[in-house]
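Coordinate analysis (summary)
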Amino acid sequence: VTGKVSGTQVGVLAAVDDQLTSRADAQPVFGIVRVSRDLGPGGRLGFLWTEQHDGPNSNRVLDLDGRMVVNKVHSFTFAGALARDEQGSVINTKPLWNGSYRYSGRNVRSTFAFSGIHENFITRTGFISRPGSANGRLSNSYTFLTPTKTMQSLSGEVVLDGTWRYQDLMNGDPMQDRKLHFNFNARFKGGWGAGVSLLDEN
């Protein structure tokens, strides 16, 4: 069921799966509720609740996320989730989080983003591609507008990207992967483009 109530978007999904997919010789039951409300131009606040029951086992995820835009050029996004997984006597309650800031000016663009997911964050109503990791990314670029007959713009970008094991970040240990990228791009009349990058990764 999906729709809008008093300016708030609502989605509800309920399902009963086949017994062949059960770990407890039962029919798993799923429930998902998503609520989202627009907050001014480009802004929103959202809430997500998922639940799965498989006999005596259960899994619940609670999420709060949002986006805010200031003066059309500053944008902030965030998301935080907590998953509680119960499989017999084994109980895990672990977090997932991310946040970012972006400045989108005429010539200058900047992005700062940070995210993390605990290795024991478990959701049985979705898929997590890389649990147990955290990532930070900082990029700054400047674009020279050149309204000539041939070249339309020339831009340069510096990107610093780091990846940690989640527990290493929490313990203040060094990152696992580091990337430093220098990107240069030119756009020409007629839709043509050319670019060159210098990549330092370890």
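Here's what I pulled together on the structure shown here. (Residues numbered from 1 in each chain as written. Predicted model: local features only at pLDDT ≥ 70, side-chain atom pairs only at ≥ 80, totals over all residues. Heavy atoms only, no water.)

**Points about the packing of aromatic side chains**
To keep it simple, the criterion reads: The rule is short: rings of Phe, Tyr and Trp, with Trp giving its six-membered ring, pair when the centres are within 6.5 Å, and they are stacked under 30 degrees, edge-to-face over 60, tilted in between. Strands here mean DSSP runs of E at least two residues long; helices mean DSSP runs of H or I at least four residues long; both are numbered from the N terminus. Any residue under 20% of the maximum accessible area for its type is buried, any over 50% is exposed, and the rest in between are partly exposed; the area is computed with a 1.4 Å probe on protein chains only.
Summed over all chains, the structure comprises six aromatic pairs. Relative to Phe114, the ring of Trp97 lies with its centre 6.0 Å away and its plane at 0°, an arrangement referred to as stacked. Here Trp97, found in strand β7 (residues 90-104), pairs with Phe114, found in strand β8 (residues 108-117); they are 17 residues apart in sequence, far enough to count as distant. Overall, Trp97 belongs to the partly exposed group, its relative accessible area being 25%. Plain terms: the ring middles of Phe114 and Trp164 are 5.7 Å apart, the flat faces sit at 40° to each other, and that makes the pair tilted. Of the two residues, Phe114 sits in strand β8 while Trp164 sits in strand β10 (residues 151-165), which places them 50 residues apart along the sequence. Linked through ring pairs, Trp97, Phe112, Phe114, Trp164 and Tyr166 together constitute an aromatic cluster.

**Some words on unusual backbone geometry**
Positive phi outside glycine occurs at Ser6, with the angle close to 50°. The class of Ser6 is exposed, set by a relative accessible area of 65%. Phi is positive for Asp25, which is not a glycine, with a value near 55°. By the secondary structure assignment, Asp25 is in the loop between β2 (8-16) and β3 (29-38).

**Some details on the sheet that holds β10**
Selection rule: Criterion used throughout: strands pair if DSSP finds at least two bridges between them. As a rule, the C-alpha atoms of each element are fitted with a line to give its axis, helices using only the stretch in contact, and angles between N-to-C directions run from 0 to 180 degrees.
If you walk across this open sheet you meet the 12 strands as β1-β2-β3-β4-β5-β6-β7-β8-β9-β10-β11-β12, and the pairing is antiparallel. Two strands in the sheet have a free side with no partner beyond their single neighbour: β1 (2-5) and β12 (193-201). This sheet shows a mean twist of 10° between the axes of neighbouring strands, independent of strand direction. Where strand β9 (residues 133-145) and β10 come together, 13 bridges link them in antiparallel fashion. Bridge pairing in β10 places Phe144 opposite Leu154.

**Some words on the nonpolar core**
Heads up, the condition is: We define the nonpolar core as a collection of buried residues of types Ala, Val, Leu, Ile, Met, Phe, Trp, Tyr and Cys that are connected through side-chain atoms lying within 4.5 Å of one another. Only heavy atoms enter the contact rule, under which two residues are in contact if any of them lie within 4.5 Å.
Listed in full, the five residues of the largest apolar core are Val61, Ala81, Ala83, Ile117 and Phe121. Ignoring anything within four residues of it in the chain, the contact list for Val61 reads Leu48, Trp49, Thr50, Ala81, Leu82, Ala83, Phe121, Ile122 and Thr123.

**Overview of a nonpolar patch on the surface**
Threshold: The patch calculation keeps residues exceeding 30% relative accessible area without a salt bridge and links them within 9 Å when they carry like charges or within 5 Å when they are nonpolar (Val, Leu, Ile, Met, Phe, Trp, Tyr). Residue exposure ignores everything except the shown protein chains as possible cover, and the areas themselves are Shrake-Rupley values with a 1.4 Å probe. Salt bridge, as applied in this entry: a Lys or Arg side-chain nitrogen positioned within 4 Å of an Asp or Glu carboxyl oxygen.
A cluster of nonpolar side chains, contributed by Leu39, Leu45, Phe47, Leu62, Leu64 and Phe78, occupies part of the molecular surface with about 500 Å² of accessible area. Those elements giving two or more residues to the nonpolar patch turn out to be β4 (44-54) and β5 (57-70). Here Phe47 shows up in strand β4. When its relative accessible area of 33% is taken as the criterion, Phe47 is described as partly exposed.

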